[in-house]
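Listed below are the residues making up each chain.
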Amino acid sequence: MTGLLRRPGPARGRTRTGTADPGRVLRRRRGPLQLALGGVLVVLILVVEALILQAYVNISRTTAIFKDESYVAGALVNVQREALLLNVEIEELPTSRDLRGAQVRRALLANQLNQLRGLGGGDAMVDATIMGVDGDLRLIDQALARARPAPTAARLRAEAERMRPAIRRAIVRLKQLYDAKEQGFFGALSTALNTRRSSERLLVGLSGLVLIVGLALALSLRQRVRKDFARAYQALTAEVEERKAAERAVRASEERFRSLVQNSSDVISIVDADGGVRYHSESIRRVLGYDPAELVDGDPLSLVHPDDRERVARFVAEAALRPGVTAAETWRMRHRDGTWLHSETVAANLLEDPNVRGLVLNTRDVSDRKELEAQLVHQAFHDGLTGLANRTLFTERVELALARAGQGELAVLFIDLDDFKHVNDSLGHAAGDQLLIAAARRLQGCLRPTDTAARLGGDEFAVLLERVTDAESASGVAGRVLDTLHQPFGLNGRTIPIKASLGVATGQPGADEAEELLRNADVAMYAAKAGGKDRYELFHPDMHEDMLQRLELEAELRHVADRDQLVLHYQPIVELVSGRITRVEALVRWDHPTKGLLPPPAFIPLAEEQGLIGPIGNWVLLQACVQARRWQDQFPDAPPLSVHVNLSGRQLEEQRLVGEVVQALEMSRLSPRLLTLEITESVLVADIEAMSARLRELKGLGVLLAIDDFGTGYSSLSYLRRFPIDMLKIDKAFVDGIGRGREDTALAHAIVKLSHTLQLHTVAEGIEQAEQAAHLAALGCRDGQGYLFARPLPVGAMTELLATSMADGGFYLPAATAVEAAAAT
Amino acid sequence: MGRSIRPVVVALVMALAVAACGGKQEEASQAAGPNASSPQVVDDGTLAAGEEISSPKGEVVLTVSGDIGAANKGKTLELDLASLEQMRRVRLETAEPFLKRRVTFEGVLLSDLLAVADVPDTASTVSLTALDDYKVDFKVADVRSSQMLLATKADGKHMPVDRSGPIRIVFPDSSSMGRNPDLWIWSVASMKVA
């Protein structure tokens, strides 16, 4: 209307002249004036008509846009939901093994994508997102296809791992598109309403203008009032008709709008400025379970969660103050059945709109989305198997604790289960998982609610202790953790204790870095492993140095067998009564290029841990057999020497050990009964059934079996009867006690007697004094070994000793005389 | 003068006529087209009401439960595509609201299916649930009057899940319910009668 009035032009100028004295003008220049007036009128009416049409087109177009946008918004909600559900399906795939379910879910997602393509196709952003998601889905299809032929748990786990980034990427793409489109949707809503309002004003204004022009025409033609009035009336009637048509159009558009609102899955509510509810759309029945009529005129806050009410009241009050559409706000609402759901609401302020005079609230149930969001966040920060925090969350907590100044010290515990790989390999991954879950549960049982337990991956756990007074109390927790883990754990009908190595590092808030603290705890944990496992260590700066050395040693150890850096030393075993060398024990040394000769404790545990014991053990076995055979050939007159070789627990677990022994015997041409394999007591306790079978196999080859360091390990003696043992080697600790006091001597006596009872051959280790030898001989112990007779000797020295002691068809040591002398006294 | 006013009046009348026609055309395109088709029977089928329905051999696409007289598994009726297509088959060309084009569907009238499942006259509601848990309730009376179709084929082809299949509800152009796209439930998996 204003646009029309501002329109300049000669035609209107003349009209005004005409209205000043239309009658005279008409009379005087009837022909040309009427023509001009007619022209002006036609132009005016055409302009008005064009504007009416434009207003009408505007209304229909914005309504159509609004409708399209709302469908796209709906399709986007659906496609997001399917994507989130597919994500859940994939996450659960390793446990559910429901490949078909995942495929159906994936097809449903594809269908929603097709719908979205149909509704929103052509929009560059929608097309780009669909193309991106299609790409992600292809990766998922490939993974599903790979899993289909053999859907084992391991395979599904691996493929689910590959699918996870693809589906997450798809979810993020869709969420971004939704966020961008959501604004478009509410933008379209407010544009549609604004356009309709201004178009209505325009129509009213235009009709007024037409009325004025009509009247002016009537006045200007007063001489022919009747005729012209009839025409003016006709024009007016037509105008009124036209107005009615326009109104009908507006009403039609309003009806479309209302039907849209009613069919929308969102709840549309209209609230008065004073807060009373005036209207709820039909959809509230589905969303909240109420009949729209029973809520109208009620307090809108009555359905809101009490904790959220203040916020909601503020939201409504603020929306009433400002025109336009608010940002989305979420809160909880009560369903008629008493459950709570998360709603997301947008308010449009239409208080000024004469048709509404209220706030239009658009409320949507976003419980599914909230729940899935919460689930995704939980998954991102927690370990799926045990539910403990994951590395990301743990590191964050440590950083947070360090940033919180003035709260006392804090401690980080690193826990690594000992020999977990063994459980996994022998009992299967499912059993391994059960063990991890049990360990996690026990770990949490040891902690205060303020502490954090985490699984860092594999069999590695960590604990954050906040506000520890000193390192002592952290050690207390460490000890408690070990004790709790020790409680036997039933698994597949077996009872196994959980053992772990634990490293403790303490930090000062404000002074230490999280990364350093974690590394220190890790280093301390490695120190505990290196120190013999099943223990804890407090971090000490020296450990870094130790660790470095260890790593270096570890690298060198990898090549020790091929680089000829291993040597064997031999220590004679002597018949106590005669002083004759009957056996030798082969002892491995590492001839380290810079560190010199290293004894077994310096590198064997490391080799066992790193899985390098196989090649070393095999080398020792073969060398010892070859050397024994060589001595046999060198001293054909003496009875052949038996050679003793130590076996580690790890070697005994290996299936190939038996084959290696056979090979060593064949290659050296050594008689099996001249080979004695020494094993420690602790090895036997680990897995009685498997060990018993392995020992029987070895025994079947004809070799002898000896228990090394007897008396230091487990007190149960039952295994002595269960295993095919030939010989006991009495530990130096008992030998040392002989002659020192009555009790110690009695202990040594008891052990020798026990082995007699079991008809076992006895060897006393670590004999240093002639008296000890004499005592043992008197007790009935057959053989002895120790510095009294000889230290472990290199091959050359040993051969020399044999050569010099060769007499009377045997190797007699001069020290034998000392034994006899002591025995005599 | 009479000559000069005439074009004005003529122009006014013409303009109004154009505006009125514009409105009418708009309404016409929203409403059902004048030559909207109705379901045509393709094949009377072998499975009619009152006959025994054998257990499905193929994959079950629809599980019917609730207030039904015919059942083939416990108290439920399981149907595969083959058994559905043994019933009276109809063809329907209609405007698909999501694809926004005309599609020729083939399938079973939902009212026929109710008869085969031996749904008593006392039943009032049919609840359909889709694979994605979307749910729509129909009144039994509406099912009978609207001629809604449980479609198994679109343009002569079976529909996979990612093309809104394997079965979906479609409406003839003439049905007023069909104008609400929310009722066009696709990937229907189960039906409960109450």
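Everything here concerns the structure above.
An account of the accompanying structure is given in this report. Source: prediction; values computed, not measured.

1. Brief notes about the packing of aromatic side chains
- All chains considered together, the criterion is met by seven aromatic pairs over all chains.
- Here the aromatic rings of Phe635 of chain A and Phe811 of chain A are separated by 5.4 Å at their centres, their planes lie at 85°, and the arrangement is edge-to-face. Here the residue Phe635 of chain A occupies a position in the loop between α20 (613-634) and β17 (642-646), and Phe811 of chain A occupies one in strand β24 (residues 810-811), the gap between them amounting to 176 residues.
- Phe635 of chain A gets classed as buried once you look at its relative accessible area, which sits at 13%.
- Ring geometry for Phe98 of chain B versus Trp186 of chain B: centroids 5.3 Å apart, planes at 85°, classification edge-to-face. Within this pair, whereas Phe98 of chain B is found in the loop between β4 (89-96) and β5 (101-109), its partner Trp186 of chain B is found in the loop between β10 (168-170) and β11 (188-193), the two being separated by 88 residues in sequence. Trp186 of chain B matches Phe98 of chain B in its accessibility class, with the two residues each being buried.
- Ring pairing ties together the aromatic residues Phe138, Phe171 and Trp184 of chain B, which thus form one cluster.

2. Observations concerning the pattern of salt bridges
- Scanning the model with the defined rule gives 48 salt bridges over all chains in all.
- Note that Arg81 of chain A and Glu82 of chain A form a salt bridge whose closest N and O atoms lie 3.6 Å from each other.
- Look at Arg81 of chain A and you get partly exposed, because its relative accessible area is 23%.
- When its relative accessible area of 1% is taken as the criterion, Glu82 of chain A is described as buried.
- Taking the shortest distance from any N to any O, the salt bridge between Glu91 of chain A and Arg168 of chain A comes out at 2.9 Å. Of this pair, Glu91 of chain A sits in helix α4 (residues 30-96) while Arg168 of chain A sits in helix α7 (residues 153-220), and the two are 77 residues apart along the sequence.
- Owing to a relative accessible area of 19%, Glu91 of chain A belongs among the buried residues under this scheme.
- Here the salt bridges do not stand alone but share partners, grouping Arg81, Glu82, Arg105 and Asp368 of chain A together with Asp133 of chain B into one network.

3. Considering the nonpolar core
- By size, the foremost hydrophobic cluster in this structure holds 80 residues, and its most contacted members are Leu557, Val643, Leu652, Val661, Leu675, Leu677 and Leu698 of chain A.
- When residues in this core are grouped by element, the largest group, nine residues, is from α20 of chain A.
- Among all residues touching Leu675 of chain A, those that are not within four sequence positions of it are Leu621, Cys625, Val643, Val645, Val661, Leu665, Leu670, Val703 and Leu704 of chain A.
- Judged by nonpolar contacts, the second largest core, of 50 residues, contains Val64, Val108, Leu113 and Ala130 of chain B.

4. Examining the packing of helix α13 (residues 391-403) of chain A against helix α17 (residues 514-530) of chain A
Residue and element names in this part refer to chain A.
- Two numbers describe how α13 lies on α17: the axes approach to 9 Å, and their chain directions differ by 115°. For the pair α13 and α17, the crossing hand works out as right-handed. Residues Phe394, Thr395, Val398, Glu399 and Leu402 of α13 touch α17, and the partners they reach there are Ala514, Leu517 and Leu518.
- Taken together, the residues of the contact of α13 with α17 sort by class into six nonpolar, one polar and one charged.

5. A look at the side chain of Glu106 of chain B
Residue and element names in this part refer to chain B.
- Here Glu106 is to be found in strand β5.
- In terms of polar contacts, Glu106 uses its side chain to reach the side chain of Arg89, at 2.8 Å.
- Apart from the residues within four sequence positions on either side, Glu106 is in contact with Arg89, Val90, Arg91, Ala151, Thr152 and Lys153.

6. Here's the deal with unusual backbone geometry
Residues and elements named next belong to chain B.
- The peptide bond linking Gly165 to Pro166 adopts the cis configuration, its omega dihedral lying at -5°.
- For Lys100, which is not glycine, the phi torsion reads 60° and is therefore positive.
- Within the fold, Lys100 resides in the loop between β4 and β5.
- The backbone phi angle of Asp155 is positive, close to 50°, even though this residue is not glycine.

7. Let's talk about the sheet that holds strand β2 (residues 60-66) of chain B
All names here are of chain B.
- Taken together, the five strands give an open sheet; going across it, the order is β3-β2-β11-β6-β7, and neighbouring strands pair in mixed fashion. Among the strands making up the open sheet, the edge pair consists of β3 (77-80) and β7 (135-139). Sheet twist, expressed as the mean angle between neighbouring strand axes with direction ignored, is 20°.
- Relative to β7, strand β6 (residues 125-130) runs antiparallel, the two being bridged by five bridges. Looking at β7, one finds that Thr125 is bridged to Lys139.

Parameters at a glance
- Residues numbered from 1 in each chain as written.
- Chains lettered and ligands numbered in written order.
- Predicted model: local features only at pLDDT ≥ 70, side-chain atom pairs only at ≥ 80, totals over all residues.
- Heavy atoms only, no water.
- Phe/Tyr/Trp six-rings, centres within 6.5 Å; stacked < 30°, edge-to-face > 60°.
- Helix = DSSP H or I, 4+ residues; strand = E, 2+ residues; numbered from the N terminus.
- Buried < 20%, exposed > 50% of the residue type's maximum accessible area, 1.4 Å probe, protein only.
- Salt bridge = Lys/Arg side-chain N within 4 Å of Asp/Glu carboxyl O.
- Core = buried A, V, L, I, M, F, W, Y, C linked by side-chain atoms within 4.5 Å.
- Contact = heavy atoms within 4.5 Å.
- Axes fitted to C-alpha atoms, helices over the stretch in contact; angles between N-to-C directions.
- Left-handed = near helix turned anticlockwise from the far one by under 90°.
- Nonpolar A, V, L, I, M, F, W, Y, C, P; charged D, E, K, R; others polar.
- Polar contact = N/O pair within 3.5 Å; in protein donor to acceptor, adjacent residues only side chain to side chain.
- Pairing = 2+ DSSP bridges.

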